[in-house]
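What follows is the residue order along each chain.
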Amino acid sequence: MTDHPSPLHLTLDDDGIAYATLDAPGRANLLDDALIAALDELAAILEDREEVRGLVIASAKGHFLLGREPLGLLALADAAPGLSDDALLAAIAPYGDALRRLEGTAKPIAAALSGSALGPGLELALACGYRVSTDHPAARFGFPDQRLGLMPMAGGTQRLPRLLGWVGAHDLLSGGHMVTASAALELKLVNEVVPASHVRSAAKAWVRARLGNAVEAPFIVGQKRRPIAVASATAAIETAVSQGLGLSLDEGLALERALAAGLLRRGEVAALVRTLVVAKGEADKAAWRPALPAAELSRAAVLGRGPAADAVALAARRAGLDVHAVADADGLDELTPARLGERKIEILFDASREDVAAKHALLATAEAALGEDVLLVLTGPRLRVGAVAQGLAWADRLVGLYLPADGGVAEVVAGPATSAPALSIAVDAARRLGRTPFRVEDGEGRFLARLTAAYFRAALDLGPTVGAADVDAAARAAGLAEGPWALARRLGYATVTDLVGEEGAAAVLAALKRPPDDPAPADAGPRMMAAVRTAMVTALAEGLVNDAVAADLMAVLGFGWPAASGGPLGSFARR
């Protein structure tokens, strides 16, 4: 390739099969201008050098290509409203042109997918004639573009339905779903699934079998239709697919670019990118985590009974942990080192009822039973870590890790005695559970629990005769992801009680049962949002959260505040 550091490295075997290896220096493989230029140069090599007879595109990392580089995407979204149509299409075109050029070389090209291929990464794989995936359970394939108000821009809406048909492609495109390797094989999105050590060799075997044979374009040609403009990402994707299937591939690619350009012109796209890509990427780094080696967690116990304990146990099992669930102190005897031997419990999630005296007794028993190297984790929404730690022998091993039911985030809370190793392990546990960790101080109640409680109380304040369905509709119309009473039903009575107490939960239950006598006030949605915003400002004033940007992001990811607004305080809307 070129002399300067490149995200793509080319080697050529004696049999004429080249390996193009994605290896972005110092970070994950992401689409940026350097990679687009490297792919275009790669296409030129395939076109001009006869000794290069076939190609395997692989990755040196544990994934293939994860998406667009966030700051570059943000720059494009920021600039889009001010660009002319021709200039915006020209800004979108280079990646799709590079893929089309690769595809048109008439030489066999296979993708060796060592891990996830998302958005532009899957578009690159689809431009190859054959796709071999690792069997790693973490590998995912799909187009999550829609959550940013965007759509594929380099052939995703054209190649995928030509490969899978409209029905097979619909959920991956319009739903934004991501699928595992086994599901991708069943869909025929990938052609083979093999162990990680065999991905490259399987891809090369396919290429070798086709050497010397011109490769036909894999996509059909149809009748030309006129494109139409649409306003939403879902409608744009469906238009690109339904109309694109009747066009030649090149015409379909032009349609896709025109629709994508229309989406980029929408001002909220830049806010979505700032919030869900740039800001979340910074939060995922958890720069506040103590600089200690990452914990290798494999075995956990969940203490407690009821929906909260079940939810924690399910999340831990989905993360691949060996989980032992015990209802009360008597079950802890089954988890002693004498019973489990080398398979000792490493982390105990305490999801028992929110009562300080009861927790003191339970955790004291846990200390005696499990051994001093076990991390003790409080998962409830209300109690101070410091209050529960009083009287424990290993107060330094106690930490709070609140896992809101909506998923996506974890509030990590250190008490006065919590040690740096305990805090770092808690962050690692949050990441293992697939959550973005946020540092929250040890105050009265967790941050997101306060927002949710304020939401419920604001809904109750709308009056005793307003129907639940009307309240929920008003919340959704204001942009919130879920109405308060739909959320209450999903969380269940026990969780609502934890959030607003027995009296508040009884009022919520009565609200869910009452008939719709009166419509919701015209300002119902803004009033509920204002109550949530006030709760957030109060939490910041009290020092429960010390960073308004983090608070905004938690509200978006963990509460369901509209992402395009930049959060209740709008930290990302105009940055």
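What this report covers is the structure whose coordinates are included nearby.

Procedures and definitions
- Residues numbered from 1 in each chain as written.
- Predicted model: local features only at pLDDT ≥ 70, side-chain atom pairs only at ≥ 80, totals over all residues.
- Heavy atoms only, no water.
- Axes fitted to C-alpha atoms, helices over the stretch in contact; angles between N-to-C directions.
- Helix = DSSP H or I, 4+ residues; strand = E, 2+ residues; numbered from the N terminus.
- Parallel < 35°, antiparallel > 145°, perpendicular 65-115°, else oblique.
- Left-handed = near helix turned anticlockwise from the far one by under 90°.
- Contact = heavy atoms within 4.5 Å.
- Nonpolar A, V, L, I, M, F, W, Y, C, P; charged D, E, K, R; others polar.
- Phe/Tyr/Trp six-rings, centres within 6.5 Å; stacked < 30°, edge-to-face > 60°.
- Buried < 20%, exposed > 50% of the residue type's maximum accessible area, 1.4 Å probe, protein only.
- Pairing = 2+ DSSP bridges.
- Salt bridge = Lys/Arg side-chain N within 4 Å of Asp/Glu carboxyl O.
- 1 Å grid on protein atoms, 1.4 Å probe; cavity = no way out; pocket = protein on both sides within 12 Å on 5 of 7 lines; lining within 4 Å.
- Points joined across faces, edges and corners; volume = space filled by probe spheres on them.

### A short note on the packing of helix α16 (residues 447–460) against helix α19 (residues 493–513)
And step 1. Across the interface, α16 lies against α19 with an axial gap of 10 Å and an inter-helix angle of 20 degrees. By the angle class used here, α16 and α19 are roughly parallel. Viewed along their axes, α16 and α19 form a crossing whose handedness is left-handed. Taking contact as the criterion, the partners of A449, T452, A453, F456, R457 and L460 in α16 are, on α19, V496, L499, V500, G504, A507, V508 and A511.
And step 2. Residue composition of the contact of α16 with α19, grouped by class: 10 nonpolar, 2 polar and 1 charged.

### Considerations on the packing of aromatic side chains
And step 1. Summed over all chains, the structure comprises 3 aromatic pairs.
And step 2. Seen from their ring centres, Y130 and W206 are 5.0 Å apart, and the 5 degrees between their planes marks the pair as stacked. Here Y130, found in strand β6 (residues 130–134), pairs with W206, found in helix α7 (residues 199–209); they are 76 residues apart in sequence, far enough to count as distant.
And step 3. For Y130, a relative accessible area of 14% gives the class buried.
And step 4. Assessed through its relative accessible area of 11%, W206 is described here as buried.
And step 5. Between F456 and W485 the ring centres are 6.2 Å apart and the planes differ by 15 degrees, which places this aromatic pair in the stacked class. On the criterion of sequence distance, the pair formed by F456 in helix α16 and W485 in helix α18 (residues 484–491) is long-range, its members being 29 residues apart. For the residue pair F456 and W485, the accessibility class agrees, reading buried in each case.

### Quick look at the sheet that holds strand β5 (residues 117–118)
And step 1. The strand order across the open sheet formed by 3 strands is β5-β7-β8, and the pairing between neighbours is mixed. One side of each edge strand has no neighbouring strand; the edge strands of this open sheet are β5 and β8 (178–179).

### Re the sheet that holds strand β4 (residues 109–113)
And step 1. Spatial ordering of the open sheet is given by β1-β2-β3-β4-β6-β9, a layout of 6 strands whose pairing is mixed. Two strands close off the open sheet at either side, each with one partner strand: β1 (8–12) and β9 (192–194). Each strand of the sheet is rotated relative to its neighbour by a mean of 20 degrees, with strand direction disregarded.
And step 2. Summarising the sheet, β4 and β6 pair through 4 bridges and their orientation is parallel. When the bridges of β6 are listed, A111 appears paired with R131.

### What about the pattern of salt bridges?
And step 1. Under the definition given, this model contains 23 salt bridges.
And step 2. Of the charged contacts in the structure, one is a salt bridge between R100 and D250, with a shortest N-O distance of 2.7 Å. Taken together, the positions of R100 in helix α3 (residues 85–103) and D250 in helix α9 (residues 249–264) put the pair 150 residues apart, joining distant regions of the chain.
And step 3. Residue class for R100 comes out partly exposed when judged on its relative accessible area of 24%.
And step 4. Judged by relative accessible area, which is 44%, D250 ranks as partly exposed.
And step 5. Put simply, E441 and R439 hold a salt bridge, and the shortest N to O gap is 4.0 Å.
And step 6. We classify R439 as partly exposed; its relative accessible area is 29%.
And step 7. Overlapping salt bridges bring together D13, D15, K204 and R208 as one network.

### Quick look at the layout of surface pockets
To locate leftover empty space, one rolls a probe as large as a water molecule over the atoms.
And step 1. Size it by volume and the largest pocket reaches roughly 1800 Å³.
And step 2. Forming the walls of the largest pocket are 36 residues, and the residues nearest its centre are L66, L118, R147, K280 and D284.
And step 3. Elements supplying a minimum of two residues to the lining of the largest pocket: α2 (70–79) and α10 (268–285).
And step 4. The space that makes up the second largest pocket amounts to roughly 1200 Å³.
And step 5. Lining of the second largest pocket is provided by 47 residues; of these, P307, A308, A311, L403 and T495 occupy positions nearest its centre.
And step 6. Elements that contribute at least two residues to the lining of the second largest pocket include exactly α11 (307–318), α13 (356–370), α16, α18 and α19.
And step 7. Top contributing element to the lining of the second largest pocket by residue count: α11, with 8 residues.
And step 8. By residue class, the composition of the lining of the second largest pocket is 23 nonpolar, 12 polar and 12 charged.

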